[in-house]
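# Architecture at a glance
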Amino acid sequence: MDYRSTVAHGPALSQLNADALLVVLTADQGSTGDPVLDQIVKDAVAAGDFVLKTGKSLYVHRPVGVKASRLLLLAAADGSPKAFKAAVAKGVAQIKDLGANHAAVAVAGGVGLEAAHARSLVLAVADATYVYTHTKPSAPKPGQLKKVTLACQQDEASAVKQGLAEGQAIAEGVTLARELGNRPGNHCTPAFLASEAKRLGREHRHLKVEVLERPALEKLGMGSFLSVTNGSAQPPKFIIMQYQGGAAGQAPLVLVGKGITFDTGGISIKPSAGMDEMKFDMGGAASVLGTFRAVAELQPRVNLIGLIPACENMPSGTATKPGDVVTSMSGQTIEVLNTDAEGRLILCDALTYAERFKPAAVIDIATLTGACVIALGHQHSGLFSADDELAQALLQAGRQAQDTAWRMPLDDEYAEGLKSNFADIANVGGREGGAITAACFLAKFTKAYRWAHLDIAGSAWKSGGAKGGTGRPVGLLTRFILDQAAAGKDAIAPRPVKAAGKVARKTSRTPATKAPRAARSAKA
Ligand code: BES
Ligand code: MN
Ligand code: ZN
């Protein structure tokens with residue numbers, strides 16, 4: 001799809017050269033600034049065919065006096081980017097299967113178009129025109145729509161152009177994340193995720209991609225990550241992506257994405273109903289890949305690292321069993337009381353690995369808990385962080401990107417339930433506050449840097465008739481990174497680290513079934 005801004009201060013809207021003209025109107029601001037269109041709106045309202053109420057629309061074919069042969073009037077709640085996005089989404093859904101190749105979108109006068117409106121337009125169009133075809137070639141093809149133009153005033157043109165370019169890059173990242181999520185578990189394997197990361201690395205300068213295989217992971221002592229792969233025939237992959245847009249010495253932001261390409265629960269097996277949706281359990285990984293795609297295109301002045309532990313969680317005769325104790329890369333031993341709490345087991349080793357980058361901040365993204373879906377539904381991703389500055393920056397980015405998060409508590413008291421008689425820590429607490437105890441588990445591996453955790457179990461995909469990946473939170477993450485790049489010396493900087501309570505690491509292979517080391521305290 002091609003997005004271009006048209007400076008419409010010359011021709012009146014009714015004279016715009018396009019196959020379809022979408023006009024977004026608000027209740028208090030009815031005038032389009034074009035007498036021909038104003039008359040059409042006025043007549044339609046008088047006839048009772050159109051109401052200026054949010055969500056209402058009117059399609060007019062071959063409107064008299066209008067150059068475009070299709071006119072769609074769309075009522076929006078107000079002039080905000082959010083309301084604009086909703087109106088455009090509705091409008092594009094309505095015309096995308098018609099014969100139009102080129103749609104022009106305009107907003108009734110009085111609404112000042114900003115970059116955020118342009119981003120909203122691109123994201124709404126990309127969302128409305130995405131079709132999954134990889135394993136369904138028979139899916140109805142998208143219509144003929146090839147080009148979408150946003151009509152704006154001369155003085156809005158530069159912000160609009162910048163917004164369109166940003167929106168295009170973000171939309172491509174969102175679409176990549178969606179596509180990866182939608183691919184079934186037998187297609188989207190750990191090896192496939194690794195090959196997708198490598199492909200991105202080849203396609204973009206400034207991007208370096210490396211994939212660690214099992215022997216390297218054993219050598220690093222990632223006994224927790226490896227314990228999750230024990231039951232699977234698919235080899236695990238640890239993907240490392242590096243984008244250098246900032247100075248060589250500048251501390252990087254690190255994104256860590258949960259890459260469980262299918263989560264059966266393992267020996268603590270899940271019920272059958274709806275288990276297919278556990279192909280989306282690599283949503284965190286997909287969002288990291290999507291964000292790297294957007295960032296590699298926009299080239300902000302930041303350094304960014306992406307880490308993706310990828311594997312399947314399967315039951316088998318070799319699978320990890322409830323009660324098994326494994327040794328994480330941090331040295332902390334973990335009693336695996338429930339093999340279905342596997343996300344935290346792969347993330348904790350990736351979080352320890354992140355220390356070597358001396359990061360400005362680390363953000364992990366994971367479809368971590370069903371409890372988070374119960375707590376927040378599908379509207380907001382769950383945000384957990386002890387760092388107020390980092391948390392605020394992420395919340396703000398989410399609002400800006402219309403990809404919101406909601407902050408959840410992370411008090412130490414919630415970690416009580418993670419006590420174990422046989423290891424430093426258990427991998428599950430009780431049922432209650434499950435999203436928080438999961439975050440508390442991760443917190444025990446993030447003492448060396450500023451850290452935030454996004455639980456996207458409710459936001460990464462949709463169930464039911466519209467079942468499919470959402471590409472969230474690529475929008476939030478990309479916005480955060482662009483904001484950090486723009487913040488210059490006010491950007492989030494590494495926290496001075498006190499002794500992080502590290503222990504000597506094992507460098508030799510650590511069998512997942514080995515007896516626990518002597519208990520140690522990890523400065524909880
Ligand atoms: N991938 C799931 C979380 C999940 C479940 C996301 C349902 C979306 C919908 C995760 O690995 C998991 O199974 N978590 C368990 C944790 C429990 C065993 C403590 C859960 O949420 O039930
Ligand atoms: Mn699980
Ligand atoms: Zn999972």
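Sequence positions are assigned chain by chain, starting from 1 and proceeding in written order. Written order determines the labels here, with chains lettered from A and ligands numbered from 1. Residue-level local features of this predicted model are given only where pLDDT is at least 70; pairs of side-chain atoms are given and counted only at 80 or more, and the full residue set underlies all totals for whole chains, interfaces and linings. By convention in this description, side-chain values take in all heavy atoms of the structure and omit both hydrogens and water.

Cavity and pocket criteria rest on a 1 Å grid covering protein atoms alone: a 1.4 Å probe that fits but cannot get out defines a cavity, protein on both sides within 12 Å along at least 5 of 7 lines defines an open pocket, and an atom within 4 Å of a point defines a lining residue. Grid points are joined across faces, edges and corners, and a volume is the space filled by probe spheres set on the points. Quantified by volume, the largest pocket comes out at close to 1400 Å³. As for the largest pocket, its lining consists of 49 residues, of which Asp127, Arg178, Lys462, Thr470 and Arg472 are closest to the centre. In DSSP terms, a helix is any run of H or I states spanning at least four residues, a strand is any run of E spanning at least two, and both are numbered starting from the N terminus. Sort the elements by how many residues they give to the lining of the largest pocket and helix α3 (residues 115-129) lands first, with six residues. By residue class, the composition of the lining of the largest pocket is 18 nonpolar, 17 polar and 14 charged. Start and end points for every domain follow an automatic or database-based domain assignment. Three or more residues apiece are contributed to the lining of the largest pocket by two domains, here domain 1 (2-174) and domain 2 (220-501). Computed from the structure, the second largest pocket encloses a volume of approximately 950 Å³. What lines the second largest pocket is a set of 38 residues, and nearest its centre among them are Lys270, Asp340, Thr369, Gly370 and Ala371. Among the elements of the structure, α10 (370-376) and α12 (434-443) are those that each provide at least two residues to the lining of the second largest pocket. Per element, the largest residue contribution to the lining of the second largest pocket is five residues, and it comes from α10. Under the convention adopted here, Pro, Cys and the residues Ala, Val, Leu, Ile, Met, Phe, Trp and Tyr are nonpolar, Asp, Glu, Lys and Arg are charged, and Gly plus all remaining residues are polar. Each residue belonging to the lining of the second largest pocket can be placed in one class, and the counts come to 16 nonpolar, 13 polar and nine charged.

Here the focus is the packing of aromatic side chains. Here a pair means two rings of Phe, Tyr or Trp (six-membered ring of Trp) with centres within 6.5 Å. Their orientation is stacked below 30 degrees between planes, edge-to-face above 60, and tilted elsewhere. Inspection of every chain in the model, using the stated rule, returns five aromatic pairs. Cluster of aromatic residues (ring-pair linked, three or more members): Phe225, Phe238, Tyr353 and Phe357. If you follow arginine 356 out to its NZ or CZ, it ends over the ring of tyrosine 353, 4.0 Å from the centre. Whether a charge sits over a ring comes down to the Lys NZ or Arg CZ being within 6 Å of the ring centre and within 35 degrees of the ring normal.

Per the domain assignment, the segments of the protein are domain 1 (2-174) and domain 2 (220-501). For domain 1 and domain 2, the distance between their C-alpha centres works out to 37 Å. Here a residue-residue contact requires only that any non-hydrogen atoms of the pair lie within 4.5 Å. Listed as interface residues are twelve residues of domain 1 and, on the opposing side, 14 residues of domain 2. Each partner contributes to the roughly 1000 Å² buried at the junction of domain 1 and domain 2, and carbon and sulfur atoms together form 54% of this total. The term salt bridge refers to a side-chain nitrogen of Lys or Arg lying within 4 Å of a carboxyl oxygen of Asp or Glu. Scanning the region where domain 1 abuts domain 2 turns up two salt bridges. Buried area: the sum, over both parts, of the accessible surface (1.4 Å probe) that disappears when the two are put together.

Here the focus is the pattern of salt bridges. The full count for this structure, using the stated rule, is 22 salt bridges. One salt bridge in this structure joins aspartate 97 and lysine 96, with 3.6 Å as the shortest N-O distance. One salt bridge in this structure joins glutamate 166 and arginine 479, with 2.8 Å as the shortest N-O distance. Highlighted residues: glutamate 166 in helix α4 (residues 157-182) and arginine 479 in helix α13 (residues 474-486), separated in sequence by 313 residues. Both residues of the pair, glutamate 166 and arginine 479, belong to the buried class. Exposed residues in this analysis have more than 50% of their type's maximum accessible area, buried residues have under 20%, and partly exposed residues fall in between, with area computed by a 1.4 Å probe over protein chains only.

Another aspect to go through is the side chain of glutamate 196. Within the fold, glutamate 196 resides in helix α5 (residues 190-203). The contact partners of glutamate 196, leaving out residues within four places of it in the chain, are Leu176 and Leu180.

Turning to the coordination of the zinc ion (ligand 3), a few remarks are in order. As a benchmark, a tetrahedral metal site with four donors has ideal angles of 109.5 degrees, while an octahedral site with six donors has ideal angles of 90 or 180 degrees. Only Lys258 (NZ), Asp263 (OD), Asp281 (OD) and Glu342 (OE) from the protein coordinate the zinc ion (ligand 3), and they sit 2.0 to 2.4 Å from it. Counted as donors are the N, O and S atoms within 2.8 Å of the metal, or 3.2 Å for Na, K and Ca, while water is not among the atoms, so some sites may look incomplete. Key to geometry: four donors with every angle between 85 and 135 degrees are tetrahedral; four donors are square planar and six octahedral where opposite donors lie over 155 degrees apart and all remaining angles lie between 65 and 115; all other sites are irregular. Around the zinc ion (ligand 3) sit six donor atoms, and with donor-metal-donor angles ranging over 79 to 173° the site reads as octahedral. Look at where the donors of the zinc ion (ligand 3) fall in the sequence and you get K-x4-D-x17-D-x60-E.

Evaluated as defined, the whole model comprises five cavities of 30 Å³ or more. Considered as a void within the structure, the second largest cavity measures approximately 90 Å³ in volume. The wall of the second largest cavity is formed by Lys85, Ala116, Arg119, Ser120, Leu123, Ile170, Gln400, Ala401, Gln402, Gly475 and Arg479. At the level of elements, α3, α11 (388-401) and α13 are the ones that each hand at least two residues to the lining of the second largest cavity. The leading source of residues in the lining of the second largest cavity is α3, at four residues. Among the residues forming the lining of the second largest cavity, the class breakdown is four nonpolar, four polar and three charged. For the lining of the second largest cavity, the two domains that each supply at least three residues are domain 1 (2-174) and domain 2 (220-501).

We now examine the coordination of the manganese ion (ligand 2). Summarising the metal site, the manganese ion (ligand 2) is bound by the protein donors Asp263 (OD), Asp340 (O), Asp340 (OD) and Glu342 (OE), whose distances to it range over 2.0 to 2.2 Å. The coordination sphere of the manganese ion (ligand 2) comprises six donor atoms, whose angles at the metal cover 71 to 168°; the geometry is irregular. Look at where the donors of the manganese ion (ligand 2) fall in the sequence and you get D-x76-D-x1-E. In this structure, the manganese ion (ligand 2) is positioned 3.2 Å from the zinc ion (ligand 3), and both are ligated by aspartate 263.

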